[in-house]
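# Overview (structure and organization)
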Number of protein chains: 2
Amino acid sequence: MLDNLSATKVNGGWHKQYSHISTSTHCQMRFAIFLPPGASQTNKVPVLYWLSGLTCTDENFMQKAGALKKAAELGIAIVAPDTSPRGDNVPDQDSYDFGQGAGFYLNATQAPYNTHYNMYDYIVHELPALVEQHFPVTTKKAISGHSMGGHGAMVIALRNPKSYTSVSAFSPITNPINCPWGHKAFSLYLGDDQMKWANYDSCELMKNTSSDDFLPMRVDQGDADSFLIDQLKPENLTAVAKQINFPLTLHMQAGYDHSYYFISSFIDEHLSFHHSHLRS
Amino acid sequence: MLDNLSATKVNGGWHKQYSHISTSTHCQMRFAIFLPPGASQTNKVPVLYWLSGLTCTDENFMQKAGALKKAAELGIAIVAPDTSPRGDNVPDQDSYDFGQGAGFYLNATQAPYNTHYNMYDYIVHELPALVEQHFPVTTKKAISGHSMGGHGAMVIALRNPKSYTSVSAFSPITNPINCPWGHKAFSLYLGDDQMKWANYDSCELMKNTSSDDFLPMRVDQGDADSFLIDQLKPENLTAVAKQINFPLTLHMQAGYDHSYYFISSFIDEHLSFHHSHLRS
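In this convention, every chain numbers its residues from 1, walking through the sequence in written order. Lettering of chains starts at A and numbering of ligands starts at 1, both following the order in which they are written. Only residues with pLDDT of at least 70 get local features here, since the model is predicted, and only at 80 or more are side-chain atom pairs given and counted; chain-wide, interface and lining totals rely on the full set of residues. For the side-chain quantities, the full set of heavy atoms in the structure was used; hydrogens and water were omitted.

In the annotation of an unreviewed UniProt entry, the entry for chain A reads S-formylglutathione hydrolase, and the organism field reads Pseudoalteromonas neustonica. UniProt positions are given in the numbering used here, feature names are shortened, and annotations may be inferred rather than shown by experiment. As its UniProt record puts it under Sequence similarities (unreviewed entry), chain A is described as follows: "Belongs to the esterase D family." Checking UniProt for chain A, the heading Catalytic activity (unreviewed entry) contains the comment "S-formylglutathione + H2O = formate + glutathione + H(+)".

## Concerning the overall build of chain A
Starting at the N terminus, helices and strands are each numbered in turn, a helix being any DSSP run of H or I of at least four residues and a strand any DSSP run of E of at least two. Looking only at helices and strands, chain A features 10 helices and nine strands. Radius of gyration: over C-alpha atoms. The globule rule applied is 2.2 Å multiplied by the number of residues raised to the 0.38 power. In terms of C-alpha radius of gyration, chain A reaches 17 Å, essentially the compact-globule figure of 19 Å for 280 residues. For the C-alpha atoms alone, the extent of chain A along its principal axes is close to 50 × 40 × 35 Å. Counting only residues that meet the buried cut, chain A has 62% of its 280 residues in that class. Pairs of residues are marked as contacts when any of their non-hydrogen atoms sit within 4.5 Å. Across chain A, the fraction of contacts at a sequence separation of at least 24, relative to all contacts at a separation of at least 6, is 72%. Here chain A carries 19 positive and 26 negative side-chain charges, and the mean point of each set is 8 Å from the other. When accessible area is computed with a 1.4 Å probe and restricted to protein chains, residues below 20% of their type maximum are described as buried, those above 50% as exposed, and intermediate ones as partly exposed. In this tally, Asp and Glu contribute negative charge and Lys and Arg positive charge; neither His nor the terminal groups of the chain are included. A charged residue contributes its charge at one atom only: NZ of Lys, CZ of Arg, CG of Asp or CD of Glu.

## A word on helix 5 (residues 180-190) of chain B
All names here are of chain B. Along helix 5, the positions that sit buried rather than exposed are Trp-181, Gly-182, Ala-185, Phe-186, Tyr-189 and Leu-190. One side of helix 5 carries all its buried residues, which in axial view fall inside an arc of 100 degrees. Among the structural elements, helix 4 (148-159), helix 6 (194-197) and helix 8 (228-232) are those in contact with the buried residues of helix 5. Two residues or fewer after helix 5 comes Gly-191, characterised by a positive phi angle close to 90 degrees. The directions considered for the arc run from the helix axis to the C-beta atoms.

## Overview of the interface of chain A and chain B
Each side of the interface is counted separately: chain A has 21 residues, and chain B has 21 residues. Among the residues of chain A in contact with chain B, A:Lys9, A:Gln63 and A:Tyr261 are the three that bury the most area, contributing 36% of the side total. By salt bridge we mean one thing: a side-chain nitrogen of Lys or Arg within 4 Å of a carboxyl oxygen of Asp or Glu. Linking chain A to chain B there are two salt bridges. In this structure, the salt-bridge partner of B:Lys69 is A:Asp268, at a minimum N-O distance of 2.4 Å. Side-chain atoms alone can form a polar contact between residues adjacent in sequence; in general such a contact is a pair of N or O atoms within 3.5 Å, and within protein one must be able to donate a hydrogen while the other accepts it. Taken together, the links from chain A to chain B amount to 10 residue pairs in polar contact (both at pLDDT 80 or more). Those elements giving two or more residues to the side of chain A that touches chain B turn out to be strand 1 (3-10), strand 2 (13-21), helix 1 (59-64), helix 2 (68-74) and helix 10 (260-278) of chain A. The quantity reported as buried area is the accessible area (1.4 Å probe) lost by two parts once they are put together, taken as the sum for both.

## Focus: the pairing of strand 4 (residues 45-51) of chain A
All names here are of chain A. When you tally the buried positions in strand 4, you get seven out of seven residues, the bulk of the element. Where strand 4 meets strand 6 (residues 137-146), six bridges bridge the pair, whose relative direction is parallel. Of the residues in strand 6, the one forming a bridge with Leu-48 is Ala-142. At least two bridges found by DSSP between two strands is the condition for calling them paired. Bridge count between strand 4 and strand 5 (residues 77-81): three bridges; the pairing is parallel. The residue bridging Leu-48 from the neighbouring strand is Ile-78, located in strand 5.

## Considerations on the relation of the copies chain A and chain B
Relating the two copies of this chain is a rotation about some axis coupled with a shift parallel to it. When the copies are overlaid, the least-squares fit takes in C-alpha atoms only where the residue has pLDDT of at least 70 in both copies. Superposing chain A onto chain B requires a rotation of 180 degrees together with a translation of 0.0 Å along the rotation axis, leaving an RMSD of 0.0 Å. Interpreted geometrically, this transformation is the action of a two-fold axis. Most of the interface of chain A is mirrored in chain B, where 100% of its interface residues are also at the interface.

## Side note on helix 10 (residues 260-278) of chain B
To obtain the bend at a residue, axes are fitted to the seven residues ending there and to the seven starting there, and the angle between these axes is taken. If you look at helix 10 of chain B, its biggest bend is around 50 degrees, right at B:Phe266. In terms of burial, helix 10 of chain B is largely enclosed, as 15 of its 19 residues are buried.

## Thoughts on the pattern of salt bridges
All names here are of chain A. Tallied over the full model, the rule gives 22 salt bridges over all chains. Among the ionic pairs, Lys-70 bridges to Glu-73, the shortest N-O distance being 3.7 Å. Taken together, the residues span about one helical turn, with Lys-70 and Glu-73 both in helix 2 at a distance of three residues. Residues joined by salt bridges that share partners form a network here, namely Arg-30, Asp-58 and Glu-59.

## Focus: the packing of aromatic side chains
Aromatic rings from Phe, Tyr and Trp, with only the six-membered ring used for Trp, were paired whenever their centres fell within 6.5 Å, and each pair was classed as stacked if the ring planes differed by under 30 degrees, edge-to-face if by over 60, and tilted otherwise. For the coordinates displayed, the defined rule picks out 42 aromatic pairs over all chains. Taken together, the ring pairs connect A:Trp50, A:Phe61, A:Phe170, A:Tyr256, A:Phe262 and A:Phe266 into an aromatic cluster. Over a ring means this: the NZ of a Lys or the CZ of an Arg is within 6 Å of the ring centre and within 35 degrees of the ring normal. Lying over the aromatic face of A:Tyr200, A:Arg159 brings its terminal NZ or CZ to 4.9 Å of the ring centre. Its guanidinium or amino end placed over the ring of B:Tyr120, B:Arg159 lies 4.2 Å from that ring's centre, counting from NZ or CZ.

## Thoughts on the nonpolar core
Residues and elements named next belong to chain A. By convention a nonpolar core is built from buried Ala, Val, Leu, Ile, Met, Phe, Trp, Tyr and Cys residues, the set being connected through side-chain atoms within 4.5 Å. Counting 66 residues, the largest nonpolar core has Phe-31, Phe-104, Ile-143, Tyr-189 and Met-217 as its most contacted members. Counting residues per element, this core draws most heavily on helix 3 (residues 119-134), which supplies eight residues. Contact partners of Ile-143, with chain neighbours within four places excluded, come to Leu-48, Tyr-49, Leu-51, Ile-123, Ala-153, Ile-156, Ala-157, Tyr-164, Ser-166, Val-167, Ser-168 and His-274.

## As for the pairing of strand 5 (residues 77-81) of chain B
All names here are of chain B. Burial analysis of strand 5 places five of its five residues in the buried class, the great majority of the element. Side chains Ala-77, Val-79 and Pro-81 of strand 5 all project onto a buried face; the interleaved residues Ile-78 and Ala-80 project onto the opposite face, where all are buried too. By the bridge criterion, four bridges tie strand 3 (residues 28-35) to strand 5 in an arrangement that is antiparallel. Residue pairing for strand 5: Ile-33 is matched across the bridge by Val-79.

## Points about the side chain of A:Asn160
Residues and elements named next belong to chain A. Secondary-structure assignment places Asn-160 in the loop between helix 4 (148-159) and strand 7 (167-170). According to the relative accessible area criterion, Asn-160 is buried, its value standing at 16%. Only 2.9 Å separates the side chain of Asn-160 from the backbone oxygen of Ile-156, close enough to count as a polar contact.

## Points about the sheet that holds strand 2 of chain A
Residue and element names in this part refer to chain A. In space, the nine strands of this open sheet follow the order 1-2-3-5-4-6-7-8-9, with mixed pairing throughout. Both edges of this open sheet fall to strand 1 and strand 9 (248-253), since each of them pairs with a single strand only. Taking the axes of each pair of neighbouring strands and ignoring which way they run, one obtains an average angle of 20 degrees across the sheet. Contacts from helix 10 reach strand 4, strand 5, strand 6, strand 7, strand 8 (217-222) and strand 9 within the one sheet, and its direction differs from that of strand 7 by about 175 degrees. Interaxial angle, 0 to 180 degrees, is taken between N-to-C directions of lines fitted to C-alpha atoms, where a helix line uses only the stretch in contact.

## Considering the state of the cysteines
What is meant by a disulfide is a covalent connection between two cysteines, made through their sulfur atoms. Residue and element names in this part refer to chain B. When two cysteine sulfur atoms lie within 2.5 Å, the pair is treated as a disulfide. Overall, the coordinates contain zero disulfides over all chains when judged by the stated rule. A disulfide-free cysteine, Cys-27 has its sulfur positioned 17 Å from the sulfur of Cys-56, the nearest such atom. Cys-203 takes part in no disulfide bond, and the closest cysteine sulfur to it belongs to Cys-179, at a distance of 10 Å.

And the structure:
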């Protein structure tokens, strides 16, 4: 069911890649898992799901974030899925911000995308079930991501607040219904009825969140990020959070851009943030 | 003279890339520098030179080693040069282990390689002079590298022991005159006279090192490294070190392979090792 593609020792634990046929996306999906040292059936560990941004695969975060040393210390597994369905049979476009590598963590409703582009179901249901079946992990989960993946992490946590102890994001697309990346993706994946887009918009979802469904949220955003003003709009998210007293902490980080150098600078703080909630 | 290609904030410091016309290699060369927070003309910092392995550029270490957090803490600059001359005019071969991306940190004597393939002079003389002229660094230097770059770091330190406070290597080619990678590279770059090869062989150089020229050397080697037996041969180096009491510490690391996941697992220890010598 799971095909092991690689196994590499790192920081005393293991980085492994797997592929499997997905019932959500109807194609072969690849994901990576980091298992910290000491993880075993008698010592199960909690999981942080990491959702990557546009153009990424399961590899970018694992290779570039510098996260595994701290995750090893804290005893947290990390699961990094791919960012979309892939393959010759999967409809694509010749652009970096739509199609393969750009699944936007939603369930598409529009042909020809609705057969394969069901990353929401994959991340929320299929992947955790698979991970909990095959690896020495507990059912305690946190979720984080970068850019498009930060959008995915926040949307998924806001819609499933009891499933995650905490959520965080780097440079997330906070309000996709109001930015070019979101407009392009949502109109092609979800159609022209913008009412349906709100199900995948963190600002809209947060507006309608009752305090019973609040969960700790941390966002870091570089103020030298070239996508900040047109695409990311963290001020829209903080405005909603302030309105309803949602427990969001936004860290504007002076001088940082949109790259993995930014993520690597603050990933340890995100891991500690999630650890403080995962262990309680 | 130096053309700045990028500047990215990371861990409170800066990662920058530069290109320049090299007088050693007679082509445009690119290198990266990490400057830790607080480095300035009134607070100059020492430099660790990092030499990468086959196929790498200035980018692999900076993106994948996870070294910059610790370097920022310790106040060490890191300079990562490219692994060979590059360009359409630079003779090349269609193989990963010779030509562009595979300069072996030597001065070639054989045509058509001897015009451009002078990475030894570039690393030993030209690059440090350039770095010390343009950046807020002291003349205190350490050197490290991976695989072909571990070979380069050890050869350069053994031949210039007063120029470096310390040397380290991950998975180095310790005895290139006795392995396939070395045989191929040295015969094409240096010709068939194997006497001349000894100038670029760590084991041969160490044999003839007097105790006045000893410097601290740390080597880490994974025992699951697929190149260990045929190409790397750390046992040849430890045999020489034992014979002459050279201050080499070899750490065989159980279960680790040849990848950057291995480097990232132990780079903090290498930085601390160099820091202890750079500050004294």
